[in-house]
Amino acid sequence: MRIEAEFLQDSGLRRVLSALNDAGHQALIVGGAVRNALLGERVVDVDIATSALPEETRRLTEKAGLRAVPTGIDHGTITVVAEGHGYEVTTFRRDVETDGRRAVVAFSDRIDEDAQRRDFTMNALYADASGEVIDPVGGLPDLAARRLRFVGAPRARITEDYLRILRFYRFHAWYGAAGKADPEALAACADLAAGLEGISRERIGAEMRKLLAAPDPSEAVGLMAAAGILARTLPGADAAHLPALIAAENGTPSDWSCRLTLLAADDPARYLRLSRDEERQQEKLTEAARLPLPEAAYRHGARIARLAALIQTARGAPPAPGWDAQIDRAAACRLPIAARDLMPQITGPALGEALRRAESAYIASGFSLNRDELKRIALEPSAI
Ligand code: ATP
Ligand code: MG
């Protein structure tokens, strides 16, 4: 079996591989790049596994005129920069000791040992510079059947690193056949779910983002909910409306943050360690989903309002026909008056109050009130 992918022609990649190959080392493309090339899916990063020890990788690639950055030297990774692109080159490894979170590794010169420590058979595929695939653990038939299978016994592999529970659902969502998740793996994930307590929220957050970004994560999230895993990673989350959201997206996937908003978890920012910007986006989407769409568009812009429309539809309260045009119109509207229009008649805290009153009236009028009408409303003595 041979992969035919454009990235194989990248001259930077070819230079990295030949720097190692020419010195007699194995150097192979591994993991997601091989899997995705075989599936005809987009390849983002090209990772390389090699029999060369890290110092040797560094020496040989520098000798070939490339830049070697020891980004993860302790676990054997050197990032080699070739023609402006970074390739992570990692020495073959085997696990010496595991504690459910991180492993103590030893370097190896054997590809079969390297394959044994990878999580799933479809993630343990390698390809040489010509694209020829090497499959030490039987990943090709699993990939063809879109069957996500642990390398080795699921229970043993999960207790080595509990994050693999979430990785199982993530890769099933992306590459597994719907309705065909491996029952033995599912049972192991459910039984061992408590081990996730020891995994950092950063790592959990990174996996959950990738899971929710799958074209259709609804089956995987539903399985997580059934196994009690969703409640551990995202307390308060409700997976029930997710299939309806995916249906409403109608083949144009939204994004992970929209799916996350729909789940309505308690404090996702804390549980998933969201960045400040991501948290703001959650707040805006949550608010927008509760507002009439024109108001959502006026307050938060057309993009957020369109996502809010999907969320409302998924929750069984689809917006009224014509909403799409309403969003564009409302997003372009600006409150026609500003503080300076009301001064000096109103000053101090009353000014903010008056502006808010005018803005409510403006929204309620369908953005039709003009400057003079709004000024009159703003200057009316307040009801309180
Ligand atoms: P993606 O396209 O999402 O990046 P990927 O397969 O490249 O998919 P990564 O999380 O980037 O996934 O990991 C790269 C490779 O490293 C995997 O394909 C797998 O072989 C191995 N790997 C990563 N994390 C683990 C883990 N926790 N346990 C075992 N193997 C792992
Ligand atoms: Mg990757």
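Residues numbered from 1 in each chain as written. Chains lettered and ligands numbered in written order. Predicted model: local features only at pLDDT ≥ 70, side-chain atom pairs only at ≥ 80, totals over all residues. Heavy atoms only, no water.

Q: Explain the overall build of the chain to me, using residue names and the numbers behind them.
A: If you tally the helices and strands in the chain, you get 21 helices and nine strands. Its C-alpha atoms give the chain a radius of gyration of 27 Å, more than 25% over the compact-globule value 21 Å for 384 residues. Dimensions of the chain along its principal axes, counting C-alpha atoms only, are 85 × 50 × 35 Å. The proportion of buried residues among the 384 residues of the chain is 47%. (Helix = DSSP H or I, 4+ residues; strand = E, 2+ residues; numbered from the N terminus. Rg over C-alpha atoms; globule rule 2.2 N^0.38 Å. Buried < 20%, exposed > 50% of the residue type's maximum accessible area, 1.4 Å probe, protein only.)

Q: Quick one: what's the story with the layout of surface pockets, residue by residue and with numbers?
A: A volume near 1900 Å³ is recorded for the largest pocket. Taken together, 50 residues make up the lining of the largest pocket; nearest its centre are Asp47, Arg118, Arg167, Arg170 and Lys210. Listed by contribution, the elements that provide at least two residues to the lining of the largest pocket are helix 2 (32–39), strand 2 (47–50), strand 3 (67–72), strand 5 (85–91), strand 6 (93–98), strand 7 (103–107), helix 7 (163–175) and helix 9 (201–212). Ranked by residue count, the leading element in the lining of the largest pocket is helix 7, at seven residues. Of the residues contributing to the lining of the largest pocket, the split by class is 16 nonpolar, 14 polar and 20 charged. Size it by volume and the second largest pocket reaches roughly 180 Å³. Lining the second largest pocket are Glu41, His172, Ala173, Trp174, Gly176, Ala177, Ala178, Pro215, Asp216, Ser218, Glu219 and Ala220. Among the elements of the structure, helix 7 and helix 10 (218–226) are those that each provide at least two residues to the lining of the second largest pocket. (1 Å grid on protein atoms, 1.4 Å probe; cavity = no way out; pocket = protein on both sides within 12 Å on 5 of 7 lines; lining within 4 Å. Points joined across faces, edges and corners; volume = space filled by probe spheres on them. Nonpolar A, V, L, I, M, F, W, Y, C, P; charged D, E, K, R; others polar.)

Q: Before we move on, can you summarise the packing of aromatic side chains with the specific residues and values?
A: Taken as a whole and assessed by the stated rule, the structure comprises 10 aromatic pairs. Relative to Tyr175, the ring of Trp174 has its centre 6.1 Å away and its plane inclined at 35°; by these criteria the two rings are tilted. Given the relative accessible area of 27%, Trp174 is considered partly exposed. By way of ring pairs, the aromatic residues Phe120, Phe150, Phe168, Tyr169, Phe171, Trp174 and Tyr175 are connected into one cluster. A cation over an aromatic ring shows up here: Arg270 above the ring of Tyr271, its NZ or CZ 4.7 Å from the ring centre. (Phe/Tyr/Trp six-rings, centres within 6.5 Å; stacked < 30°, edge-to-face > 60°. Lys NZ or Arg CZ within 6 Å of the ring centre and 35° of its normal.)

Q: Let's hear about the side chain of Thr91: which residues, and what values?
A: In this structure, Thr91 sits in strand 5. Aside from chain neighbours lying at most four places away, what touches Thr91 is Thr50, Ser51, Ala52, Leu53, Pro54, Gly76, Phe107, Ser108 and Asp114. (Contact = heavy atoms within 4.5 Å.)

Q: I'd like a description of the environment of Lys180, backed by residues and values.
A: Positionally, Lys180 belongs in the loop between helix 7 and helix 8 (183–191). Among the residues examined, Lys180 registers a relative accessible area of 62% and is labelled exposed. Each C-alpha atom of the pair Lys180 and Arg147 lies 7.3 Å from the other, and the pair is 33 residues apart in sequence. Apart from the residues lying within four places of it in its own chain, the contact partners of Lys180 are His172 and Glu219.

Q: How would you sum up the side chain of Thr121? Please name residues and give values.
A: Structurally, Thr121 is set in the loop between helix 4 (111–116) and strand 8 (126–127). You can call Thr121 buried: its relative accessible area is 1%. Polar contacts involving the side chain of Thr121 include one to the side chain of Asp142, which spans 2.6 Å. Leave out the neighbours within four places in its chain, and Thr121 touches Val137, Gly138, Gly139, Asp142, Arg149, Phe150 and Val151. (Polar contact = N/O pair within 3.5 Å; in protein donor to acceptor, adjacent residues only side chain to side chain.)

Q: Just give me the short version of helix 13 (residues 256–263), but keep the residues and values in it.
A: Counting buried positions along helix 13 gives eight out of eight residues, so the element sits mostly inside the fold. Within helix 13, burial applies to Trp256, Ser257, Cys258, Arg259, Leu260, Thr261, Leu262 and Leu263. Structurally, helix 13 contributes buried residues whose contacts are with helix 9, helix 10, helix 12 (242–249), helix 14 (268–271), helix 15 (276–290) and helix 17 (302–314). Directly beyond the C-terminal end of helix 13, a positive phi value near 50° is found at Ala264.

Q: Run through the sheet that holds strand 5, naming residues and quoting values.
A: Judged by pairing direction, the sheet is mixed, and its seven strands sit side by side in the order 3-4-5-2-1-8-9 without closing on themselves. Looking along the sheet, the strands with just one partner apiece sit at the ends: strand 3 and strand 9 (133–134). Of the strand pairs in this sheet, strand 4 (residues 77–82) and strand 5 are connected by six bridges, and their pairing is antiparallel. Directly across from Ile78, in strand 5, lies its bridge partner Val89. Contacting strand 1 (27–30), strand 2, strand 4 and strand 5, helix 1 (residues 11–21) runs over the sheet at an angle of about 140° to strand 1. With respect to the sheet, helix 2 is in contact with strand 1, strand 8 and strand 9, its orientation differing from that of strand 1 by roughly 60°. (Pairing = 2+ DSSP bridges. Axes fitted to C-alpha atoms, helices over the stretch in contact; angles between N-to-C directions.)

Q: Would you mind going over the pattern of salt bridges in detail, with residue names and values included?
A: If you walk through the whole model with that rule in mind, you get 28 salt bridges. As a salt-bridge pair, Arg164 and Glu160 come within 2.9 Å of each other at their nearest N and O atoms. You can call Arg164 buried: its relative accessible area is 7%. The partner of Glu295 in a salt bridge is Arg299, and the shortest N-O contact between them spans 2.9 Å. Taken together, the residues span about one helical turn, with Glu295 and Arg299 both in helix 16 (residues 293–300) at a distance of four residues. Judged by relative accessible area, which is 38%, Arg299 ranks as partly exposed. (Salt bridge = Lys/Arg side-chain N within 4 Å of Asp/Glu carboxyl O.)

Note that all results are geometric; they support no functional claim without further evidence.
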